[in-house]
Amino acid sequence: EQGAPQGSGWYASGEEASWSVPSPTEEVDGTRYVTSTPTGSVVMDGPQSIDIPWTTQYGLTINSDHGSPVGAGWYATGEEASWSVTSPAEEAGGTRYVTATPTGSVVMDAPQMIDIPWTAQYELTINLDHGTPVGAGWYASGEEASWSVTSPTEEAGGTRYVTSTPTGSVVMDAPQMIDIPWTA
């Protein structure tokens with residue numbers, strides 16, 4: 001009942017009749033049909049009827065603005081479809097994107113659409129010539145990042161360095177760079 005069969009008609013006794021159907025069929029609303037026997041032939045030694053077994057397939061669509069989605073495509077009814085995205089994704093210039101759902105699976109009992117939610121993260125960089133920084137790293141957009149450095153600090157040769165800004169915080173609405181000034 002699927003496709004548009006070619007080859008139906010009247011044939012002389014003993015003649016070989018070839019037939020074919022398009023497989024897969026045209027997709028309609030995320031559903032299509034496939035057969036493992038799209039072509040064949042039969043010797044006409046009497047009336048013949050060809051039953052073509054069809055498998056229903058549903059489309060899996062992955063909507064993702066980042067992370068190179070894997071797994072979209074066509075799956076047989078009842079098949080478990082696994083999908084994934086790379087997270088964190090597109091790390092450049094102190095910005096990257098993360099998702100809480102980098103992998104998943106779904107039973108294909110109908111066409112499925114997976115929407116991957118992404119959150120921007122920004123990098124906090126602490127530039128300093130002395131001391132030990134705490135708090136550098138990645139933070140969600142809008143998050144308040146607290147940072148600190150060890151002060152005073154002593155270095156080889158007995159020189160002691162001090163900063164007037166040993167702690168601070170910044171709202172991460174973009175990549176941030178903290179420069180720590182030191183005095184000996």
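These numbers come from a predicted model, not from an experiment.

A.B. asks: Provide a residue-level description of the pattern of salt bridges, including the pertinent values.
C.D. replies: Going through the model one piece at a time under the given rule, you end up with one salt bridge. Measuring nitrogen to oxygen at the nearest pair gives 3.8 Å for the salt bridge that ties Glu91 to Arg96. Overall, the relative accessible area of 55% leaves Glu91 in the exposed class. The class of Arg96 is buried, set by a relative accessible area of 15%.

A.B. asks: Go over the pairing of strand S8 (residues 95-98) with me, naming the residues and quoting the values.
C.D. replies: Where strand S7 (residues 89-92) meets S8, two bridges bridge the pair, whose relative direction is antiparallel. Residue Ala89 lies in a different strand from S8, and its bridge partner there is Tyr97. Following S7, the chain reverses through two residues before pairing antiparallel with S8; Gly93 in that reversal takes a positive phi of roughly 60°. The sheet contact formed by S8 and strand S11 (residues 119-127) spans four bridges and is antiparallel. Across the sheet, Arg96 pairs through a bridge with Gln121, a residue of S11.

A.B. asks: An account of the sheet that holds strand S14 (residues 144-149) is needed here, citing residue identities and associated values.
C.D. replies: The strand order across the open sheet formed by three strands is S12-S14-S17, and the pairing between neighbours is antiparallel. Each end of this open sheet is capped by a strand with a single partner; those strands are strand S12 (133-134) and strand S17 (167-171). Relative to S17, S14 is paired through five bridges, and the arrangement is antiparallel. Pairing of Glu144 across the sheet is with Val171, part of S17.

A.B. asks: Requested: an account of the nonpolar core, with residues and values cited.
C.D. replies: Core analysis: the largest hydrophobic core is formed by 14 residues, its most contacted members being Leu124, Ile126, Ala145, Trp147, Met172, Ile178 and Ile180. Secondary structure elements with two or more residues in this core: S11 and S14. Among the elements that take part in this core, S11 stands out by supplying four residues, more than any other.

A.B. asks: Before we move on, could you go through the side chain of Arg96 and cite the residues and values that matter?
C.D. replies: Looking at the element boundaries, Arg96 is found in strand S8. At a separation of 2.7 Å, a polar atom in the side chain of Arg96 contacts the side chain of Gln121. Beyond its immediate stretch of four places on either side in the chain, Arg96 contacts Pro88, Ala89, Glu90, Glu91, Thr119, Ala120, Gln121 and Trp138.

A.B. asks: Describe the confidence of the model for the chain, with residues and values.
C.D. replies: Do not read the predicted coordinates in detail wherever pLDDT is low. In this model, the chain carries a mean pLDDT of 93, and residues with pLDDT of at least 70 account for 99%. Least confident of the elements in the chain is strand S15 (residues 153-154), whose mean pLDDT is 82; most confident is strand S5 (residues 73-76), at 98.

A.B. asks: Give a description of the environment of Ala12 that names residues and reports values.
C.D. replies: Of note, Ala12 is situated in the segment before strand S1 (16-20). Ala12 sits 34 residues away from Gly46 along the chain, and the two C-alpha atoms are 9.3 Å apart.

A.B. asks: Hey, could you go over unusual backbone geometry for me, with residue numbers and the actual values?
C.D. replies: Geometrically, the link from Ser23 to Pro24 is a cis peptide bond, its omega value of 0° lying close to zero. Along the chain, Pro24 turns up in the loop between S1 and strand S2 (31-34). Of the consecutive residues Ser87 and Pro88, the connecting peptide bond is found in the cis state with omega at 0°. With respect to the element layout, Pro88 can be found in the loop between strand S6 (80-84) and S7.

A.B. asks: An account of the environment of Ser151 is requested, with residue identities and associated values reported.
C.D. replies: Assignment of secondary structure puts Ser151 in the loop between S14 and S15. Separated by 14 residues in the primary sequence, Ser151 and Thr165 have C-alpha atoms spaced 8.9 Å apart. Here Thr163 takes part through its backbone nitrogen, which lies 3.0 Å from a polar atom of the side chain of Ser151.

The rules behind the values
Residues numbered from 1 in each chain as written. Predicted model: local features only at pLDDT ≥ 70, side-chain atom pairs only at ≥ 80, totals over all residues. Heavy atoms only, no water. Salt bridge = Lys/Arg side-chain N within 4 Å of Asp/Glu carboxyl O. Buried < 20%, exposed > 50% of the residue type's maximum accessible area, 1.4 Å probe, protein only. Pairing = 2+ DSSP bridges. Helix = DSSP H or I, 4+ residues; strand = E, 2+ residues; numbered from the N terminus. Core = buried A, V, L, I, M, F, W, Y, C linked by side-chain atoms within 4.5 Å. Polar contact = N/O pair within 3.5 Å; in protein donor to acceptor, adjacent residues only side chain to side chain. Contact = heavy atoms within 4.5 Å. pLDDT = per-residue confidence, 0-100.

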